[in-house]
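Here's the letter readout for the chains.
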There are 2 protein chains.
Amino acid sequence: MQHLEPAQFFAMLVVMLLAAKIFGELAQRIGQPAVLGELIGGIVVGGSVLGKVDPHIETIHLLSELGVAILLLAIGLETDLGSMMKVGGTSVAVAIAGVVAPFGLGYAGCRMMGLDNIVAIMAGATLTATSVGITARVLSDMGKLKAPEGQVILGAAVIDDILGLVILTVVGGLVKGGVVTPSTVGLATLQAFGFLAGVLIVGRLTLPWIIRVASRFDLPGTPTILGLILALLLAWLAEKSGSARIIGAFAAGVLIRGTAKAQEIEHGITALGHFFVPLFFVAVGASVDLSALDPRNPEARMALGLGAMLIVTGVVGKMAAGYAPWWFKGDKRVIGVGMIPRGEVGLIFAQMGLARGIFDSGQFGGVTLMVIVTTFLAPPLLKVLLPKRREAEPFESDDDGIGYLVSEA
Amino acid sequence: MQHLEPAQFFAMLVVMLLAAKIFGELAQRIGQPAVLGELIGGIVVGGSVLGKVDPHIETIHLLSELGVAILLLAIGLETDLGSMMKVGGTSVAVAIAGVVAPFGLGYAGCRMMGLDNIVAIMAGATLTATSVGITARVLSDMGKLKAPEGQVILGAAVIDDILGLVILTVVGGLVKGGVVTPSTVGLATLQAFGFLAGVLIVGRLTLPWIIRVASRFDLPGTPTILGLILALLLAWLAEKSGSARIIGAFAAGVLIRGTAKAQEIEHGITALGHFFVPLFFVAVGASVDLSALDPRNPEARMALGLGAMLIVTGVVGKMAAGYAPWWFKGDKRVIGVGMIPRGEVGLIFAQMGLARGIFDSGQFGGVTLMVIVTTFLAPPLLKVLLPKRREAEPFESDDDGIGYLVSEA
């Protein structure tokens with residue numbers, strides 16, 4: 001674990017924030033979402049190019065985790081549970097199809113390439129991930145978070161994150177040589193979904209009372225900080241209950257949305273997000289190792305072949321998921337494309353595969369390539385598919401409105 | 001170095017922020033500045049009582065350092081260099097007297113208690129420190145940052161921080177057995193002051209141009225983040241030039257104040273400060289070890305004796321400094337009291353003395369006691385001396401105005 005002096009830490013923040021702003025601005029200039037620029041900025045300052053930012057330094061890692069939590073809190077603040085429930089059936093269909101189709105296609109592809117059963121399972125599992133952070137930020141960029149497509153994607157991505165946890169648990173058990181029975185799978189599923197349901201029910205009952213107590217605090221900024229405390233507390237509780245931290249942060253946002261202080265909290269969280277959220281995307285970019293994809297390197301050629309197959313099956317599988325809810329009237333292509341990015345969730349799977357000795361470094365390179373390409377593909381594709389004009393969003397009081405948490409020209 | 005998982009990190013932030021808000025609110029309820037509550041909250045959650053927060057964990061330490069930098073940036077944004085210059089002579093007199101008097105008194109007191117020459121020098125040096133963070137936050141709490149007394153204290157505290165660096169360099173040289181000549185002292189002084197002057201001159205010339213470029217960025221929140229980048233960059237540069245990080249952050253605020261984007265940046269930095277600044281004060285509180293001051297422990301009794309002497313000489317010495325500028329028309333008691341808190345600067349000196357083997361653990365305890373008492377004494381004393389009504393501050397557009405960066409009932 002690398003030690004960091006305060007001055008070095010400041011210098012690293014300067015590099016990360018500058019990269020985010022410069023490349024984010026450049027991306028917008030060429031008509032792309034700022035988040036794409038931030039990811040590319042991360043690659044540039046990361047180990048592959050300039051070597052200025054190491055996302056594995058503990059403090060940088062923790063700040064970027066705080067960044068995702070704040071992003072999901074902000075998304076929760078934008079999420080109307082009622083209208084998400086209305087498209088709940090559609091979201092469930094998309095989420096399940098978005099797990100089954102990519103897993104099946106990826107597993108079959110790997111077996112045809114002659115890879116071991118366990119490698120094929122792990123690679124297939126990596127394909128099931130959806131990065132809610134990236135898609136949500138692009139939707140927010142485009143002012144589409146509240147459109148039916150946006151609600152379906154958001155719901156499906158949340159369900160997908162929970163399914164991802166179940167898969168992680170099951171695959172983790174397989175790798176350890178444990179027995180995977182329907183009851184262990186059922187228990188893992190129950191834990192993951194039970195958390196969200198439990199929090200929302202308990203929260204609805206207790207939060208108005210908490211807000212009343214908090215309203216008696218005179219200190220400026222207190223509502224925002226209490227909102228952040230709730231998000232971090234639920235994130236912690238989520239992990240302790242076998243769910244995912246980001247689910248907890250998201251639940252906090254959904255709960256706060258209904259309260260009297262929602263607008264003030266949203267304003268403060270957006271200001272914090274301006275600092276923390278780009279740190280996350282730059283860190284994701286910085287964790288990309290380009291040398292594993294250099295075609296002059298024989299091992300990298302194998303990685304490129306595996307990666308190409310996984311990209312095709314990954315894109316086709318998620319696009320298919322978009323068409324799964326045949327009854328849905330909206331643009332099914334938008335839903336499919338919105339589910340494509342694997343982002344940090346995919347990287348977590350890939351790194352788990354490497355750490356457990358399932359993937360060799362070439363296979364890890366191939367899976368990483370798939371994660372990068374799918375992550376980078378979705379923002380420009382969504383930009384093409386979505387109408388250019390932005391909808392009015394009720395919560396947006398000014399330019400700093402949360403609609404940003406990504407940026408918008 | 002203790003490893004921290006994201007969930008643990010979130011839990012620690014929850015504890016720190018809750019302690020800051022609860023004790024800050026309680027302090028205000030009994031008519032004290034919120035910062036006093038945050039310091040006490042830090043003691044409660046720190047190793048001495050609940051043991052929930054360890055300020056030596058790297059990430060917590062780095063975040064609290066970022067907190068001071070943001071606080072000094074905010075103070076710089078409030079600082080009118082012109083009116084600070086007008087009372088510049090007064091500030092210089094206060095700063096120099098505030099170094100000479102406490103050092104002389106403390107050194108003499110230690111020698112009378114039979115302590116070694118080097119211990120007496122180190123203890124005297126610790127007495128020279130002034131914690132600009134704590135006093136500035138109290139002044140800001142009271143709406144007195146712009147009063148003549150506030151300007152003198154701020155100027156003197158900044159000069160004092162720079163003198164502190166010179167003393168650290170000189171004492172560091174003494175301890176290493178190096179030769180301390182007038183030229184080494186002169187060089188250290190020049191480095192420390194030269195940085196501030198250089199940055200302000202270069203900054204005035206280049207910043208309007210930088211702001212013009214930055215104005216062409218479309219991303220929301222960009223001015224705030226660019227302001228933060230400037231502060232972190234200058235903080236880094238300050239340390240590299242042999243000055244102090246907080247001087248760099250302060251200089252950034254002073255420079256930005258003159259630009260077109262000042263108000264927007266101040267607004268955003270205040271929102272970030274609501275999160276980061278309390279982390280710093282809670283961390284300072286958490287680093288207090290109460291057991292070193294338990295009178296049932298014989299070593300602690302020695303520490304209490306030394307501490308009592310240092311508190312008296314420390315308070316008398318700084319109060320004397322307040323009376324040094326005999327020509328000053330304002331309230332000299334306010335200036336003296338404003339210079340009393342040693343805060344984190346005093347702790348840095350004390351820890352250096354311990355680490356270099358100059359202080360034994362009892363002497364360290366005594367010096368720490370002095371740092372704690374002086375730090376905790378100033379807020380309530382200032383509260384008594386300053387008139388209750390708050391002045392209108394031009395920059396304050398709403399309750400969230402920077403005037404807070406501390407809080408105000």
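Values in this document were obtained by computation on a predicted structure and should not be read as measured data.

Calculation criteria
- Per chain, the residues get numbers from 1 upward, laid out in the order the sequence is written.
- Chains and ligands are labelled sequentially in the order written, the chains with letters from A and the ligands with numbers from 1.
- Only residues with pLDDT of 70 or above have their local features reported here, since the model is predicted, and side-chain atom pairs are shown and tallied only from 80 upward, although totals for entire chains, interfaces and linings are computed over all residues.
- Heavy atoms from the whole structure form the basis of all side-chain values; hydrogens and water molecules are not counted.
- For helices, the fitted line uses only the C-alpha atoms of the stretch in contact; every axis is such a line through C-alpha atoms, and the angle between N-to-C directions lies from 0 to 180 degrees.
- Helix numbers and strand numbers start at the N terminus; a helix is a DSSP run of H or I with at least 4 residues, a strand a run of E with at least 2.
- Working rule for angles: under 35 degrees goes down as roughly parallel, over 145 as roughly antiparallel, 65 to 115 as roughly perpendicular, anything else as oblique.
- Handedness of each helix crossing follows the sense of rotation of the near helix against the far helix: counterclockwise by less than a right angle gives left-handed, clockwise gives right-handed.
- The contact definition used throughout considers only heavy atoms, calling two residues in contact when any of these lie within 4.5 Å.
- Nonpolar residues are Ala, Val, Leu, Ile, Met, Phe, Trp, Tyr, Cys and Pro. Charged residues are Asp, Glu, Lys and Arg, and all others, Gly as well, are polar.
- Here the copies are matched by least squares. The fit uses the C-alpha atoms of residues with pLDDT of at least 70 in both.
- When a carboxyl oxygen of Asp or Glu lies within 4 Å of a side-chain nitrogen of Lys or Arg, that pair is called a salt bridge.
- Buried residues are those whose accessible area, probed at 1.4 Å on protein chains only, stays under 20% of the maximum for their type, while exposed residues exceed 50% and partly exposed ones sit between those limits.
- Here's the idea: put two parts together, see how much 1.4 Å probe accessible area each one loses, and the total over both is what we call buried area.
- Polar contact is the term for a pair of N or O atoms within 3.5 Å; when the atoms are in protein, one must be able to donate a hydrogen and the other to accept it, and sequence-neighboring residues count only if both atoms are side-chain atoms.
- For a helix, the expected span equals 1.5 Å multiplied by the number of residues minus one.
- Cavities and pockets were defined on a 1 Å grid built from protein atoms only: a cavity is a group of points that admits a 1.4 Å probe but offers it no way out, a pocket is an open group of points flanked by protein on both sides within 12 Å along at least five of seven lines, and a lining residue is one with an atom within 4 Å of any such point.
- Grid points are joined across faces, edges and corners, and a volume is the space filled by probe spheres set on the points.

*Asks:* Would you mind showing me how to read the packing of helix H2 (residues 34-45) of chain A against helix H12 (residues 262-286) of chain A here?
*Replies:* Two quantities define a packed helix pair, namely the angle between the axes and the distance from one axis to the other. Residue and element names in this part refer to chain A. Remark: H2 packs on H12, axes separated minimally by 6 Å, with the N-to-C direction vectors making an angle of 50 degrees. One way to sum up the angle between H2 and H12 is to call them oblique. Here H2 and H12 pass one another in a crossing that is right-handed. Facing H2, whose interface residues are Val35, Glu38, Leu39, Gly42, Ile43 and Val45, H12 presents Pro278, Phe281, Val282, Val284, Gly285 and Ala286. A breakdown of the residues in the contact of H2 with H12 according to their chemical character gives nine nonpolar, two polar and one charged.

*Asks:* Whenever I open this one, the relation of the copies chain A and chain B confuses me. Can you help?
*Replies:* In summary, the two copies of the chain are related to each other by a rotation about an axis coupled with a shift along it. Mapping chain A onto chain B leaves a residual RMSD of 0.1 Å; the transformation is a rotation of 180 degrees accompanied by 0.0 Å of translation along its axis. The operation mapping one copy onto its partner corresponds to a two-fold rotation axis. Nearest to the rotation axis, the C-alpha of Thr59 of chain A is located 2.5 Å from it, this being the minimum over chain A. Taken as a fraction of all interface residues of chain A, those also at the interface in chain B reach 100%, which identifies the copy contact as same-surface.

*Asks:* It is not clear to me how the pattern of salt bridges should be interpreted in this structure. Could you clarify?
*Replies:* Pairs can form between side chains of opposite charge whenever their charged atoms are close. Residues and elements named next belong to chain B. The final tally for this structure, using the stated rule, is twelve salt bridges over all chains. When the shortest N-O distance is used, the salt bridge between Glu25 and Arg29 registers 2.9 Å. Here Glu25 and its partner Arg29 are both found in helix H1 (residues 6-29), four residues apart, which amounts to about one turn of the helix. For Arg29, a relative accessible area of 52% gives the class exposed. Linking Lys318 and Asp160 is a salt bridge whose minimum nitrogen-to-oxygen distance equals 3.2 Å. One end of the pair, Lys318, is in helix H13 (residues 298-323); the other, Asp160, is in helix H8 (residues 148-175), with 158 residues separating them in the sequence. As far as the burial class goes, Lys318 and Asp160 line up, both buried.

*Asks:* Could you clarify how one ought to interpret the interface of chain A and chain B in this entry?
*Replies:* The parts lose accessible area when they come together, and the size of an interface is often stated as this lost area. At the interface, 56 residues of chain A touch 56 residues of chain B. For the chain A and chain B pair, buried surface summed over both sides reaches about 5,100 Å², with 76% attributable to carbon and sulfur atoms. When the buried surface of chain A facing chain B is broken down by residue, Phe10, Lys21 and Leu219 of chain A rank first, second and third, together holding 14% of it. Here chain A and chain B share zero salt bridges between them. Along the contact surface separating chain A from chain B lie five residue pairs in polar contact (both at pLDDT 80 or more). Breaking the side of chain A that touches chain B down by element, the ones donating at least two residues are helix H1 (6-29), helix H3 (58-78), helix H10 (222-240) and H12 of chain A.

*Asks:* Is there a simple way to explain helix H6 (residues 117-128) of chain B in this structure?
*Replies:* An α-helix turns once per 3.6 residues; consequently, residues spaced three or four apart project the same way. Residue and element names in this part refer to chain B. Over its twelve residues, H6 runs 17 Å from end to end, which matches the ideal 16 Å to within 8%, given 1.5 Å per residue. The element H6 is extensively covered by neighbouring structure, given that ten of its twelve residues are classed as buried. Those residues of H6 not exposed but buried are Val119, Ala120, Ile121, Met122, Ala123, Gly124, Ala125, Thr126, Leu127 and Thr128.

*Asks:* I'm lost on empty space enclosed by the protein in this one. Help?
*Replies:* If a probe as big as a water molecule is rolled over the atoms, it shows which places are left empty. All names here are of chain B. In this structure the tally under the stated criterion is seven cavities of 30 Å³ or more. Quantified by volume, the largest cavity comes out at close to 60 Å³. Taken together, Leu39, Val284, Gly285, Val288, Gly343, Leu347, Val371, Ile372, Thr375 and Phe376 make up the full set of residues lining the largest cavity. Contributing elements (two or more residues each) for the lining of the largest cavity: helix H12 (262-286), helix H15 (343-355) and helix H16 (361-385).

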